[in-house]
Amino acid sequence: MPARRPAGAAQPARDEATRRADQDGTARDQPARDGADRDDAARDRARGCLLGLAIGDAMGAPAENMTAAAIAERWGPVTGFLRDEPAGTDDTEYAAFSALLLIEHGAALTSEQVADAWVRHLAGRSGGFPGAGFSELGTIENLRAGLRPPASGQHLHSWSDGLAMRAAVHGVYAAGDLDLAARLAAVDGAVSHDGEGVYAGQAVAVAVAAALAGARPGEMLAAARARVPADSWTAAALATAATAAGPDALLDALVVRAYPWTDLAPEAVGLAFGAALAADGELRRAVPGAVAMGRDADTTAAIAGALCGAGHGMAGIPAEWVAAIGPVTGRCLGEVVAGLTMRDLADRLVAARPGTRPEARTGR
Amino acid sequence: MNEPTDRTGTDRRRGAVLGLAVGDAAGWPARTHRSRVLPGWTRRLRRELDAFAEVESVTTLPVPFALNQDPAPLRLGPGDDAEWVAWTLAGSAPLPADRAAVHARWAVAVADGAVPVGRIAVAVAVDNLRRGVPPPDSGRRNPHHFDDAAAIRAVAYGVLATSPAHAATLAGWDAEVTHAGDGVTAARAVAAAVATAVSLPATAASRPEPTLLAALEAQLPIDQLAGRTLRRALALVAGAGTPAEAVPLLDELVDRVYSYGCAAAQTVPVAAALTAVALRAGTPTIDAILAAAALPSLADSAPALTGALLGAVRGAAELPPSWADRCRRLAGCCDPTLAGVDLLDIVERTTRGQ
């Protein structure tokens, strides 16, 4: 759908944002556009979302598990990639993997199909999964032991940000259909996550779906909050993201001090949404902003990049950042994703949507 | 073997707490916890020795040492879990009347800086409470909401409560301050099981195993990790003749992906399975405890829970005096005010009249 407002326009007050987020698909009020233009615009935003994800992943990777102070000391203010040959990690690869499942099965996707794909393509790999987290290997161990979803997602790390890092693709497929986005993220997530891990993934999927339909940053966040349980930790983290005064306050409110890892789903989505809101949805500021806060920086920046890329499409992404992102390496997941490009996956997700014109399904 | 039928409720309450302390002491982590009463530099040097072993490629693992300090804390004795049960017992007399009273005890302790040192779940919850996040959110907004710290505290409610249902309710109110999900249901299960065991009529004590397992299973739904693992653990040990034989079978359950062995979904099922085998086979409690201690990554609390469950069935008199005499007194490694305190004195004081 076409953008509803120019980039950088003032954000409405929060209650106004909430009200408007409840009006699904305001863009339909605009004069009907030529179908081809509409498909081009849809593809542009889908590409922006997935390239935003890959850019955030690659920009944040060198800063993963570092503190904001250590990042500032080593690199100064973050304004772009931190190394000469940026490369994506597990965030990009798992997002690509989940995208393939949506392209194959569409809205009829089941958790059983997701589990079958994990067993077929991932569980047989030997030598570990470089760059992946606890929740992915916990899931694979469960699947190897014969457990199926949702039991496969019930392990000691079910609240990690591993679904949130890949759930943007569910939002891309669902584009504007927020209930579908939430449902598909839960279908995929039931294989590997439980509780807060699923809620956080749903929050990302819903926000991306809302952004693709023209929601502004505050509206994205309101839509995400409306679709996670009100008493969940994820809902509390999203509320914090909406109100925290700056990165220090955000980190202080969200980081759990007595826990030694950085992969908590509520924390990650709180930081990512906070970075997107602080930049008013501008990717060129939101992604470096997320990276500069450290913690699970590749994942938080990937989510922030997906949210902002979905809102503004390719026009919001510096051309040199786009050029720096090569095909998926497969370093983490191997041949099943090696060689894929986010641009192509975005086009195929758009083409797989129900209602996409036949000529758009084949076009690139 | 039939279980002897001459145990009194009083001896069983003592047995639950003393059995927990013996199990706590039997696991290797107790020595590490107890080293907390030594000066911090001894632990710093141990960390440096760990790095030294890595750099120099030697297999000699550093363990807690006293050097020029009093080595008494490094003797066999209970560590963190016995102190947490003592702290819970002491703070629960008279018995709290409602949920608010249980939560208020935590609020006061946090305000006074008087909460003992504990696992990650406890530290996170205390930080939440300090920042004004009240229960149950203090337990929900908690990455380690699943650990077994509340299940350990629940042993206290098992010996204090007037019925298994009452024990589960009290343990649940206490657990939700620091835990959620399996962390809460496991606490309710342990409290109900201990309360069931200590209140078994003497004539029914000959076959306590089904009653005890039913009390645990009733609290742990099969569609959650702890409940699923409990059923799996019991199935794994179905053919085991002794707790020692069950050890390699239960090793199948141990999570090797994440790095903490105190998850309630693992330690409670392992303790329940070893308890079931010991009751079936008539194995002495101390042998079941030592079997639990042979699962190194679960050795912080699975032996303690095994000792609590079996001690609640068989009473303190069944524990070997060599162990009982050395495991009654607390080191003060988590709560310095408990140093030198006799656990059985606390049990006597808090359960008088039951």
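Residues numbered from 1 in each chain as written. Chains lettered and ligands numbered in written order. Predicted model: local features only at pLDDT ≥ 70, side-chain atom pairs only at ≥ 80, totals over all residues. Heavy atoms only, no water.

(A) Fine view of the overall build of chain A. When its secondary structure is counted, chain A shows 18 helices and zero strands. Sequence separation of 24 or more characterises 77% of the internal contacts of chain A that already satisfy a separation of 6 or more. A total accessible area of about 13100 Å² is found for chain A, and carbon and sulfur atoms account for 51% of it. (Helix = DSSP H or I, 4+ residues; strand = E, 2+ residues; numbered from the N terminus. Contact = heavy atoms within 4.5 Å. Areas by Shrake-Rupley, 256 points an atom, 1.4 Å probe, with all protein chains shown as cover.)

(B) Quick look at the UniProt feature "binding site: Mg(2+)" (unreviewed entry) in chain A. All names here are of chain A. Those places that UniProt annotates as "binding site: Mg(2+)" (unreviewed entry) correspond, in this numbering, to Thr89, Asp90, Asp91, Asp296, Asp298 and Thr299. Over a stretch of 211 residues, the named residues converge on one spot in the fold, their C-alpha atoms separated by at most 12.0 Å. By the secondary structure assignment, Thr89 is in the loop between helix 3 (68-75) and helix 4 (90-105). By relative accessible area, Thr89 is classed as buried at 12%. Leave out the neighbours within four places in its chain, and Thr89 touches Asp57, Ala61 and Asp298. Within polar-contact distance, the side chain of Thr89 engages the side chain of Asp57 at 2.6 Å. In this structure, Thr299 sits in helix 15 (residues 297-312). Excluding residues within four positions of it along the chain, Thr299 makes contact with Asp91, Asp161 and Met165. (UniProt positions renumbered as here; feature names shortened; annotations may be inferred. Buried < 20%, exposed > 50% of the residue type's maximum accessible area, 1.4 Å probe, protein only. Polar contact = N/O pair within 3.5 Å; in protein donor to acceptor, adjacent residues only side chain to side chain.)

(C) Broad picture of the interface of chain A and chain B. Listed by partner, the interface residues are 24 residues for chain A and 24 residues for chain B. For the chain A and chain B pair, buried surface summed over both sides reaches about 2000 Å², with 63% attributable to carbon and sulfur atoms. Here chain A and chain B share three salt bridges between them. Here A:Asp252 ties to B:Arg131 by a salt bridge, and the two come within 3.0 Å at their closest N and O atoms. Counting every contact that joins chain A to chain B gives five residue pairs in polar contact (both at pLDDT 80 or more). At the level of secondary structure, the elements contributing two or more residues to the side of chain A that touches chain B comprise helix 6 (134-144), helix 11 (233-243) and helix 12 (247-254) of chain A. Here the side of chain A that touches chain B takes four residues from helix 6 of chain A, the largest share from any one element. Broken down by class, the residue content of the side of chain A that touches chain B amounts to 15 nonpolar, four polar and five charged. (Buried area = accessible area lost by both parts, 1.4 Å probe. Salt bridge = Lys/Arg side-chain N within 4 Å of Asp/Glu carboxyl O. Nonpolar A, V, L, I, M, F, W, Y, C, P; charged D, E, K, R; others polar.)

(D) Spotlight on the nonpolar core. One finds A:Leu50, A:Trp118, A:Val204, A:Val208 and A:Phe273 to be the most contacted residues of the largest nonpolar core, which totals 113 residues. With eleven residues, helix 9 (residues 196-212) of chain A is the largest single contributor of residues to this core. If near-sequence neighbours (up to four positions away) are discounted, A:Leu50 is found in contact with A:Val169, A:Val172, A:Met342, A:Leu345, A:Ala346 and A:Leu349. By size, the runner-up hydrophobic cluster in this structure holds 102 residues, among which are B:Val198, B:Val247, B:Leu310 and B:Ile346. (Core = buried A, V, L, I, M, F, W, Y, C linked by side-chain atoms within 4.5 Å.)

(E) Region of the structure containing the packing of helix 13 (residues 243-250) of chain B against helix 14 (residues 264-281) of chain B. All names here are of chain B. Helix 14 packs onto helix 13 with a crossing angle of 150° between their chain directions and a minimal axis gap of 9 Å. Here helix 13 lies roughly antiparallel to helix 14, going by the angle between them. Our pair here, helix 13 against helix 14, has a crossing hand that is right-handed. On helix 14, the residues that touch Pro243, Ala246 and Leu250 of helix 13 are Val270, Ala273, Leu274, Val277 and Ala278. Grouping the constituent residues of the contact of helix 13 with helix 14 by class yields eight nonpolar, no polar and no charged. (Axes fitted to C-alpha atoms, helices over the stretch in contact; angles between N-to-C directions. Parallel < 35°, antiparallel > 145°, perpendicular 65-115°, else oblique. Left-handed = near helix turned anticlockwise from the far one by under 90°.)

(F) View of helix 5 (residues 111-123) of chain A. All names here are of chain A. Taking 1.5 Å as the rise per residue, helix 5 with 13 residues should run 18 Å; its terminal C-alpha atoms sit only 16 Å apart, a clear shortfall. For helix 5, every residue scored as buried is listed here: Ser111, Val114, Ala115, Ala117, Trp118, Leu122 and Ala123. Down the axis of helix 5, the smallest arc covering the buried residues is 160°, so these residues share one side. Elements in contact with the buried residues of helix 5: helix 4, helix 6 and helix 8 (178-189). (Expected span 1.5 Å × (residues − 1). Arc of directions from axis to C-beta.)

(G) How the structure looks around the packing of aromatic side chains. Residue and element names in this part refer to chain A. In total, this model carries twelve aromatic pairs over all chains according to the counting rule given. Geometrically, the ring pair formed by Tyr94 and Trp118 is tilted, given 5.6 Å between the ring centres and 35° between the ring planes. Here Tyr94, found in helix 4, pairs with Trp118, found in helix 5; they are 24 residues apart in sequence, far enough to count as distant. A relative accessible area of 0% places Trp118 in the buried class. (Phe/Tyr/Trp six-rings, centres within 6.5 Å; stacked < 30°, edge-to-face > 60°.)

(H) Here's a closer look at the UniProt feature "binding site: Mg(2+)" (unreviewed entry) in chain B. Residues and elements named next belong to chain B. The UniProt record marks Asp300 and Ser301 with the feature "binding site: Mg(2+)" (unreviewed entry), using the residue numbering of this structure. Inspection of the secondary structure puts Asp300 in the loop between helix 15 (285-293) and helix 16 (302-314). Relative accessible area serves as the criterion here: at 15%, Asp300 is assigned to the buried category. In this structure Asp300 touches Asp24, Pro29, His33, Asp80, Asp81 and Arg119, once residues within four positions along its chain are discounted. For Asp300, the side chain forms a polar contact with the side chain of His33, separated by 3.0 Å. Relative to the elements of secondary structure, Ser301 occurs in the loop between helix 15 and helix 16. Overall, Ser301 belongs to the buried group, its relative accessible area being 0%. Setting aside chain neighbours within four positions, we find Ser301 in contact with Asp81, Arg119, Asp148, Ile152, Cys262 and Thr267.

(I) A look at helix 14 of chain B. For helix 14 of chain B, with 18 residues, the first-to-last C-alpha span of 25 Å sits near the 26 Å given by 1.5 Å per residue. Positive backbone phi, at 70°, marks B:Gly282, one or two positions downstream of helix 14 of chain B.

(J) Region of interest: the side chain of A:Thr262. Residues and elements named next belong to chain A. Here Thr262 shows up in the loop between helix 12 and helix 13 (265-278). Residue Thr262 is classed as buried on the basis of its relative accessible area, which comes to 11%. Residues in contact with Thr262, not counting those within four places in the same chain, are Asn65, Asp161, Glu267, Arg295 and Asp296.

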